[in-house]
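# Examination of the molecular architecture
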Amino acid sequence: MKLFETVAEMEAIPRIRRPKTKHTTDQIVSMASRLGWTVGITAADLVGAQCQAVIGLAPQDEDWRRGEKYVGVWHGTQQDAQARQEALTCVPHGRFQAMAVSPLESGRLDPPDIVMVYATPGQMIILINGLQYRNYRKFEWSVVGETACADSWGRALATGEPSLSLPCFAERRYGGVPDEEMLMALKPADLRQAVDGMKALAKNGIRYPIPSYGIQNDPSAGMGISYGKG
């Protein structure tokens, strides 16, 4: 995913596709991740202010913050809806006019602002372990509930930090994200660090798929390999 300050910059990307109808950002992302397309959008291509605001293509103004349209659907009161809206991590509005997504292997967004990895929980923990192999840091992630894209690409674009999410109702209903997948959004440099870390872990016998040792077996032999003797 890459943000652009002008529409012309986005439209100059090789083999860029432009939507012919309105979509959610979840759908646009899945056109790249599931179909292999390179797609560019402006605010006018997105179905509403929620999608636009998370990636900085619309302001997080007073009407948006109040979240009144979510009352009675996602939240019981206007105060609950506003609290959720204010909890979302969004790209500041005003700098960017367009966004594009593309398969990483295509090299068309050079470089992308962030990359996104969809993975099962077992795959995701190995990716996280790879990130933590060197220059260890504890990760603390948020769960805003609906509009979970603010936990993933919104947070990663706004902060530059690796950002994990549980894809929400909209991502699964409209973006087609399978039930078993989680989403990590991170900078290309962090992905390279994760890959290097996973290669090192694989040499140590820690890799995906993680084989079951057996819940009734003595773990001593396995623990001695995976966690050191002692």
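Computed from a prediction, not measured in an experiment: that's the story for all the values here. (Residues numbered from 1 in each chain as written. Predicted model: local features only at pLDDT ≥ 70, side-chain atom pairs only at ≥ 80, totals over all residues. Heavy atoms only, no water.)

### As for the environment of Ile 225
Formally: Secondary structure is summarised from DSSP: a helix means a run of H or I of at least four residues, a strand means a run of E of at least two, and numbering begins at the N terminus for each. Accessibility here uses a 1.4 Å probe with only protein chains present; expressed as a share of the type maximum, an area under 20% marks a residue as buried, one over 50% as exposed, and anything in between as partly exposed.
Summarising the element assignment, Ile 225 is placed in helix α10 (residues 220-226). Ile 225 sits in the exposed class, given a relative accessible area of 68%. When the C-alpha atoms of Ile 225 and Gly 205 are compared, they prove to be 8.1 Å apart, with 20 residues separating the residues in sequence.

### Looking at the nonpolar core
Heads up, the condition is: By nonpolar core is meant a set of buried Ala, Val, Leu, Ile, Met, Phe, Trp, Tyr and Cys residues that side-chain atoms within 4.5 Å join together. It only takes one pair of heavy atoms within 4.5 Å for two residues to be counted as in contact.
Of all hydrophobic cores here, the largest spans 33 residues; its most connected members are Met 1, Ile 28, Ile 55, Met 99, Val 101 and Trp 153. Those elements giving two or more residues to this core turn out to be α2 (25-33), β2 (39-41), α3 (49-54), β3 (98-101), α7 (153-159) and β6 (182-186). Here this core takes four residues from α2, the largest share from any one element. What Ile 55 contacts, discounting residues up to four positions off in sequence, is Leu 3, Ile 41, Leu 46, Val 91, Met 99, Trp 153 and Leu 157. By size, the runner-up hydrophobic cluster in this structure holds 13 residues, among which are Met 124, Leu 127, Leu 186 and Leu 191.

### Here's the deal with the sheet that holds β2
Just so we agree on the cut-off: Any two strands with at least two DSSP-identified bridges between them are counted as paired. The axes used here are C-alpha line fits, helices contributing only the stretch in contact, and every angle between their N-to-C directions lies in the interval 0 to 180 degrees.
What the three strands build is an open sheet, ordered β1-β3-β2; its pairing is antiparallel. Edge positions in the open sheet fall to β1 (2-4) and β2, since each of these has one partner strand only. Here the strands of the sheet are splayed against their neighbours by 20° on average, with no regard to which way each runs. Of the pairings in the sheet, the one linking β1 to β3 comprises three bridges and is antiparallel in character. Looking across to β3, one finds that Leu 3 is bridged to Met 99. Sitting on the sheet, α2 is in contact with β2 and β3, with an inclination near 40° to β3.

### Description of the packing of aromatic side chains
Rules: Only rings of Phe, Tyr and Trp enter the pairing, Trp through its six-membered ring, and a pair is recorded when the two centres are within 6.5 Å. The plane angle decides the type: under 30 degrees is stacked, over 60 is edge-to-face, the rest tilted. The criterion is that NZ of a Lys, or CZ of an Arg, lies within 6 Å of the ring centre and within 35 degrees of the ring normal, and then a charge sits over that ring.
One pass over the full model with this rule turns up two aromatic pairs. An angle of 70° between the planes, with centres 5.7 Å apart, marks the rings of Trp 74 and Phe 169 as edge-to-face. With Trp 74 in the loop between α4 (62-66) and α5 (78-87) and Phe 169 in helix α8 (residues 169-173), the pair connects residues that are 95 residues apart, well separated along the chain. With a relative accessible area of 39%, Trp 74 lands in the partly exposed category. By relative accessible area, Phe 169 is classed as partly exposed at 48%. Relative to Trp 141, the ring of Phe 139 lies with its centre 5.0 Å away and its plane at 10°, an arrangement referred to as stacked. On the basis of relative accessibility, which here comes to 15%, the residue Phe 139 falls in the buried class. The ring of Tyr 70 has Arg 84 sitting right over it, with the charged end atom 4.5 Å from the ring centre.

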